[in-house]
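Fold and contact review
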Amino acid sequence: GSADDPNNNGQNKLALLGKMLRIDVNAPKTYNIPPSNPFVNKTEYAPEIWALGMRNPWRFSFDRLTGDLWIGDVGQGTWEEIDFEAAGDPGGRNYGWRCYEGNANFNLSGCEPKENYTFPIHEYLSDERVNGCSVTGGFVCRGEDYPSLYGKYLYADYCSGKMWTIEKLQGGGVSNALVYDHANNAVTTFGEDAQGNLYFADATASAIFRIYDTCNLAVSVQPQDESCPGYRDGSAKTEWSDQPGVLFEWSTGDTTGQLQGLASGNYSVTITRGLCRATAQFEISGAAPDTACTEGFPSISICDGDSTTLVACDAGTNRG
């Protein structure tokens, strides 16, 4: 309710705003209160409440393997946070808003001692020029196709399009790594299918993308520009063109290892090797006109009037 939470809904134990709620929808009319909710027998709390002190959890998800709860909570304007709650937790945690934004003090009026709050497992500075301005929570990767992503929590920022992974480390702490930059597009949400493959939605492109792991698969293209302007004699290949087990998808629709007969223009190629994919763009540009393109090529024409006989009559000035 409003910027800066002026009514302190996040900390109001009877208000449903600023909370994570847990309800049983198997009821004839509205819903039931699960008897295992943390505040079900405490009259100073609304019984629907599972957790307090949330600002805008966009989004939360459960690890399909462990049951752990991951929450991306959008900050007021300075800090974006990721919260974590282990499976089996009895609930009732207070994640701090509006007393704290991330780990930083925000408005300590009427707040409890600091040890009564649960602080983020990770936070980042909200800066549209660097990280972004609004976290989009994701999922823990559990699809078996991409071993290097397995077990890592993937999330993004709506404003920047950047995506990171968080990995919980043995002995405590986490490792956060930038893994992809989606070019300032609006990443609104993530999803997973029955096999654990991950997807994200992009509001700018009005599209849903499947997430692949590049597996550090680098690809560069060695284009051979046209020898003469206007002719389709450019070519292109990659360092993988002669390697077995590599699949090619050129923007021309070709699937061969290398291309011939390319005119000037911009192209791209996506290669797949095993479960890894990578894409590269390249350009074919015509060479500047020179005498090699315009002189020294014999023209073939009918010189004796006999339409069945072709004779090289002269050294013409046009490439034939």
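Let us look at the structure shown here. (Residues numbered from 1 in each chain as written. Predicted model: local features only at pLDDT ≥ 70, side-chain atom pairs only at ≥ 80, totals over all residues. Heavy atoms only, no water.)

**A few points about the pairing of strand 20 (residues 265-273)**
Alignment of strand 18 (residues 246-250) against strand 20, held across 5 bridges, turns out to be antiparallel. Pairing of valine 246 across the sheet is with arginine 273, part of strand 20. Taken together, the 9 bridges between strand 20 and strand 21 (residues 276-284) define a ladder with antiparallel strand orientation. Along strand 21, the bridge assignment pairs threonine 272 with arginine 277. Hairpin connection from strand 20 to strand 21: 2 residues lie between these consecutive antiparallel strands, with glycine 274 at a positive phi of about 65°. (Pairing = 2+ DSSP bridges. Helix = DSSP H or I, 4+ residues; strand = E, 2+ residues; numbered from the N terminus.)

**Remarks on the side chain of glutamate 80**
Note that glutamate 80 resides in strand 5 (residues 79-85). With no salt bridge to any partner, buried glutamate 80 finds its closest opposite charge in arginine 55, at an N-O distance of 6.8 Å. Separated by 3.2 Å, the side chain of glutamate 80 and the backbone nitrogen of glycine 75 make a polar contact. With near-sequence residues (within four places) excluded, glutamate 80 lies in contact with Asp73, Val74, Gly75, His122, Glu123, Tyr124, Ser126, Cys133, Ser134 and Val135. (Buried < 20%, exposed > 50% of the residue type's maximum accessible area, 1.4 Å probe, protein only. Lys, Arg positive; Asp, Glu negative; His and termini not counted. Salt bridge = Lys/Arg side-chain N within 4 Å of Asp/Glu carboxyl O. Polar contact = N/O pair within 3.5 Å; in protein donor to acceptor, adjacent residues only side chain to side chain. Contact = heavy atoms within 4.5 Å.)

**Re the sheet that holds strand 11 (residues 162-168)**
Strand order in the open sheet formed by 4 strands is 9-10-11-12, and the pairing between neighbours is antiparallel. Single-partner strands in this sheet number two, and they are strand 9 (135-140) and strand 12 (174-181). Pairwise comparison of adjacent strand axes, ignoring direction, gives a mean angle of 25° for this sheet. Where strand 11 lies against strand 12, 7 bridges are found, and the strand directions are antiparallel. The partner of glutamate 167 across the bridge, within strand 12, is serine 175. (Axes fitted to C-alpha atoms, helices over the stretch in contact; angles between N-to-C directions.)

**Considerations on the state of the cysteines**
In this structure the tally under the stated criterion is 3 disulfides. Each sulfur of the disulfide joining cysteine 133 and cysteine 159 lies 1.8 Å from the other. The sign of the S-S torsion, about -50°, decides the handedness of the disulfide formed by cysteine 133 and cysteine 159: left-handed. Remark: cysteine 159 occurs in the loop between strand 10 (153-157) and strand 11 and cysteine 133 occurs in the loop between strand 8 (122-125) and strand 9; sequence separation between them is 26 residues. A relative accessible area of 22% means that cysteine 159 is categorised as partly exposed. Two residues, cysteine 215 and cysteine 276, share a disulfide whose sulfurs are 2.0 Å apart. (Disulfide = S-S within 2.5 Å.)

**Notes on a nonpolar patch on the surface**
There is a patch of nonpolar side chains on the surface, built from Leu16, Leu21, Ile23, Val25 and Tyr31 and spanning about 420 Å² of accessible area. Following the sequence through the fold, tyrosine 31 ends up in the loop between strand 1 (20-21) and strand 2 (49-51). (Patch = residues over 30% accessible without salt bridge, like charges linked within 9 Å, V, L, I, M, F, W, Y side chains within 5 Å. Areas by Shrake-Rupley, 256 points an atom, 1.4 Å probe, with all protein chains shown as cover.)

**As for the environment of arginine 210**
Structurally, arginine 210 is set in strand 15 (residues 207-210). Look at arginine 210 and you get partly exposed, because its relative accessible area is 31%. Those residues in contact with arginine 210 that sit more than four places away from it in its chain are Asp145, Tyr146, Asn197, Leu198 and Tyr199. One polar contact links arginine 210 to asparagine 197, side chain to side chain, over a distance of 3.1 Å.

**Brief notes about the layout of surface pockets**
Each pocket or cavity is described by its volume, and for the largest pocket that value is around 700 Å³. Lining the largest pocket are 22 residues, and of these Tyr180, Ile211, Tyr212, Asp213 and Thr214 lie nearest its centre. Put simply, the parts of the chain that give the lining of the largest pocket at least two residues each are strand 11, strand 12, strand 15 and strand 21. Here the lining of the largest pocket gets 3 residues from one element, more than from any other, and that element is strand 21. Partitioned by chemical class, the residues of the lining of the largest pocket number 11 nonpolar, 7 polar and 4 charged. Empty space within the second largest pocket amounts to approximately 240 Å³. What lines the second largest pocket is a set of 17 residues, among which Gln11, Lys13, Asn94, Glu112 and Tyr117 lie closest to the centre. For the lining of the second largest pocket, the class distribution of residues is 6 nonpolar, 8 polar and 3 charged. (1 Å grid on protein atoms, 1.4 Å probe; cavity = no way out; pocket = protein on both sides within 12 Å on 5 of 7 lines; lining within 4 Å. Points joined across faces, edges and corners; volume = space filled by probe spheres on them. Nonpolar A, V, L, I, M, F, W, Y, C, P; charged D, E, K, R; others polar.)

**Quick word on the sheet that holds strand 21**
One open sheet accounts for 3 strands, arranged 18-20-21; its pairing is antiparallel. The two strands at the open ends of the sheet, each matched to only one other strand, are strand 18 and strand 21. The mean angle between the axes of side-by-side strands here comes to 20°, regardless of whether they run parallel or antiparallel.

**Regarding empty space enclosed by the protein**
In the structure shown here, the tally under the stated rule is 2 cavities of 30 Å³ or more. Looking at the largest cavity, its volume works out to about 100 Å³. Lining the largest cavity we find Cys141, Gly143, Tyr146, Leu149, Tyr150, Gly196, Asn197, Leu198, Ile211 and Tyr212. Class assignment of the residues belonging to the lining of the largest cavity gives a composition of 7 nonpolar, 3 polar and no charged. When its volume is computed, the second largest cavity comes out at roughly 50 Å³. As for the second largest cavity, its lining consists of Gly53, Arg55, Asp73, Val74, Gly75, Glu81, Trp97, Tyr100, Glu101 and Gly102.

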